[in-house]
Amino acid sequence: IRNMGSLKEIPARLDNDAYRPLFEMARFLNLSKKDSAMYTSEFKKQETVRLEKVFYGKEREAMGKLEGKKEGKKEKAEEIALGFYESGIEIATIANITGVPAKRIIQLSIEKGD
């Protein structure tokens, strides 16, 4: 393995997913202590960045789903409020039951009338 690390390039017949990690390990083993420490430090930095991207990506995805659910609930409440309004129920009562502001109920009614 030590001699593998001294090769300038991986031989074509060994350049595949099975052997590539062995060549990487051999290169690492051939490094001086100083270079090895730098390599390890850089690897840790890169891995930290990668993990942060994964974590924050999942967090953003979860936040997006939550926002989508909130928006869906809001749209459903507005749909119900508009239905009540068209049925002749008082705007104040509708606003109280659905949580949709009276101004928004009127706005929805005007938009639907277009």
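Residues numbered from 1 in each chain as written. Predicted model: local features only at pLDDT ≥ 70, side-chain atom pairs only at ≥ 80, totals over all residues. Heavy atoms only, no water.

(A) Examining the pattern of salt bridges more closely. Per the counting criterion, the structure on display carries eight salt bridges. Notably, a salt bridge pairs Arg20 with Asp17, separated by 2.9 Å at the nearest N-O pair. Among the salt bridges present, the one from Glu111 reaches Arg104, with a minimum N-O distance of 3.7 Å. Owing to a relative accessible area of 23%, Arg104 belongs among the partly exposed residues under this scheme. Because the salt bridges share partners, they merge into one network encompassing Asp15, Asp17 and Arg20. (Salt bridge = Lys/Arg side-chain N within 4 Å of Asp/Glu carboxyl O. Buried < 20%, exposed > 50% of the residue type's maximum accessible area, 1.4 Å probe, protein only.)

(B) Looking closely at the packing of aromatic side chains. For the coordinates displayed, the defined rule picks out one aromatic pair. Note on Phe55 and Tyr56: the rings are 5.1 Å apart at their centroids and 70° apart in plane angle, and the pair reads as edge-to-face. Overall, Tyr56 belongs to the partly exposed group, its relative accessible area being 40%. (Phe/Tyr/Trp six-rings, centres within 6.5 Å; stacked < 30°, edge-to-face > 60°.)

(C) Here's a closer look at the nonpolar core. Counting six residues, the largest nonpolar core consists of Ala77, Ala81, Ile94, Ala95, Val100 and Ile105. Other than its neighbours up to four places away in sequence, Ala81 contacts Ile94, Thr98, Val100 and Ile105. (Core = buried A, V, L, I, M, F, W, Y, C linked by side-chain atoms within 4.5 Å. Contact = heavy atoms within 4.5 Å.)

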